[in-house]
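A look at the structure
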Amino acid sequence: MYKVEFHVHSIASKDSFLNRYLMLFMAKLKKIDCLAITDHNEVKFAMKNKDFFEKRKVKIIVGEEIFTQDGEVIGLFLTKKIQPNLTAEDTIKEIREQGGLVYIPHPYDEKRQKTVLKEECIESLSGEIDLIEKHNGRNISETFSKKQNELAEKYGLRKVVGSDAHIFYELGRNYCMLEKVDKENLLYSLEKGVFHERKFIKIAHFNTKLVKLLKLLMKGDIDEICRVINRKFKRRK
């Protein structure tokens, strides 16, 4: 059996500091056999470091969490970057053209409305969806996981547990135990897989916001930092 962690973010995502050494250390510490690295609108880290990890006995699935006009869609087993801001339908076509699998992250989350794929899209595109998260490691409420599972059941979609790890301590908490992890056998293995789910770590969301601000500061993008801070204050008023 392979211990597989889906939906993992690296330093290539704007809100993660997970470099390859820290990720490898945690994979070995938590005995993770396979990581699906799905950075925001990017595949360069996964592609560049695939050999690095696999030489050290950690399999890598190259993926991308793509922001579409309708919410986020993940492509797995990709060979090149898919541009963001297309429609969900066109994004799925791009994933299919690469021979990839279509994966829907956090299909219900009241705190991440901008990134949740609209239910009408899930319904209309259900025939093209390979996987949907029944639980996301960053769900702040058990209700979100319940709703996600209900959506999977409602549209008869194959379930998966997504880690959504951005910080090192999130790795190894939400994962799947599968017999095979290659593209040809992954979906069948998930039907017989064993899912391990843990509640979110409360400080994780704060830490990713801090990481995002630190990265902007390191880039010298002061205007964007001010815009982010102003948005936060406006929401509190």
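In the block above lies the structure referred to throughout.
Residues numbered from 1 in each chain as written. Predicted model: local features only at pLDDT ≥ 70, side-chain atom pairs only at ≥ 80, totals over all residues. Heavy atoms only, no water.

1. Describing helix H5 (residues 142-154)
Across its 13 residues, H5 extends 18 Å between first and last C-alpha, which sits within 8% of the 18 Å expected from 1.5 Å per residue. Taken together, the buried positions of H5 are occupied by Phe144, Ser145, Gln148, Leu151 and Ala152. The buried residues of H5 occupy an angular sector of 120 degrees when the element is viewed end-on, so they sit on one face. Seen from the buried face of H5, the exposed residues on the opposite side, beyond 90 degrees, are Glu142, Lys146, Glu153 and Lys154. On the buried face of H5, the contacting elements are helix H4 (119-124), strand S6 (131-136) and strand S7 (159-165). Among the residues of H5, the N-terminal cap falls to Ser141, whose side-chain oxygen and the backbone nitrogen of Thr143 are separated by 3.0 Å. Immediately downstream of H5, the backbone of Gly156 shows phi near 60 degrees, a positive value. (Helix = DSSP H or I, 4+ residues; strand = E, 2+ residues; numbered from the N terminus. Expected span 1.5 Å × (residues − 1). Buried < 20%, exposed > 50% of the residue type's maximum accessible area, 1.4 Å probe, protein only. Arc of directions from axis to C-beta. Contact = heavy atoms within 4.5 Å. Polar contact = N/O pair within 3.5 Å; in protein donor to acceptor, adjacent residues only side chain to side chain.)

2. Considerations on the pairing of strand S3 (residues 59-68)
The two faces of a sheet get side chains in turn, since along a regular strand they alternate between them. Most of S3 sits out of view: eight of its ten residues are buried. Here strand S2 (residues 34-40) runs beside S3; their pairing, made up of seven bridges, is parallel. In the strand pairing of S3, Ile37 is matched with Val62. Note that the unit made of S2, helix H2 (residues 44-54) and S3 has a crossover that is right-handed. Sheet analysis places S3 next to strand S4 (residues 71-76), joined by six bridges and oriented antiparallel. If you follow Glu65 over to S4, its bridge partner there is Ile74. (Pairing = 2+ DSSP bridges. Right-handed = clockwise from strand over helix to strand, strands pointing away.)

3. Focus on the nonpolar core
Counting residues in each nonpolar core, the largest one holds 38 residues, and the members touching the most others are Met23, Leu35, Phe53, Ile104, Ile122 and Leu171. Where this core is concerned, the elements lending two or more residues are helix H1 (20-29), S2, H2, S3, helix H3 (88-97), strand S5 (101-104), H4 and H5. Among residues more than four places away in sequence, those in contact with Leu35 are Glu5, Val8, Met23, Ala27, Val58, Lys59, Ile60, Ile61 and Leu171. (Core = buried A, V, L, I, M, F, W, Y, C linked by side-chain atoms within 4.5 Å.)

4. Points about the side chain of Lys159
Topologically, Lys159 is positioned in strand S7. Within the local environment of Lys159, its side chain forms a polar contact with the side chain of Asn149, the two groups lying 2.9 Å apart. Residues within four places of Lys159 in sequence aside, it is in contact with Ile132, Lys134, Asn149, Ala152, Glu153, Leu190 and Phe195.

5. Some remarks on the environment of Arg173
Mapped onto the elements of the fold, Arg173 is located in the loop between S7 and strand S8 (175-178). Distance in space between the C-alpha atoms of Arg173 and Glu197 is 6.9 Å, their sequence separation being 24 residues. Leaving out residues up to four positions away in the same chain, Arg173 has contacts with Glu5, His196, Glu197, Arg198, Lys199, Phe200 and Ile201. Within polar-contact distance, the side chain of Arg173 engages the backbone oxygen of Lys199 at 2.8 Å.

6. Things to note about the pattern of salt bridges
Considering all chains together, one arrives at 13 salt bridges under this definition. Here Glu191 and Arg158 are joined by a salt bridge, their closest N and O atoms 3.0 Å apart. With Glu191 in helix H6 (residues 186-191) and Arg158 in the loop between H5 and S7, this residue pair connects regions lying 33 residues apart in the sequence. Arg158 gets classed as partly exposed once you look at its relative accessible area, which sits at 26%. Linked by salt bridges that have partners in common, Arg96, Glu128 and Asp130 make up one network. (Salt bridge = Lys/Arg side-chain N within 4 Å of Asp/Glu carboxyl O.)

7. What to know about the pairing of S8
The side-chain alternation of S8 yields two buried faces, one formed by Tyr175 and Met177 and the other by Cys176 and Leu178. Relative to S8, strand S1 (residues 2-8) runs antiparallel, the two sharing three bridges. Bridge assignment links Tyr2 to a residue of S8, and that residue is Leu178. Here S8 runs beside strand S9 (residues 194-196); their pairing, made up of three bridges, is antiparallel.

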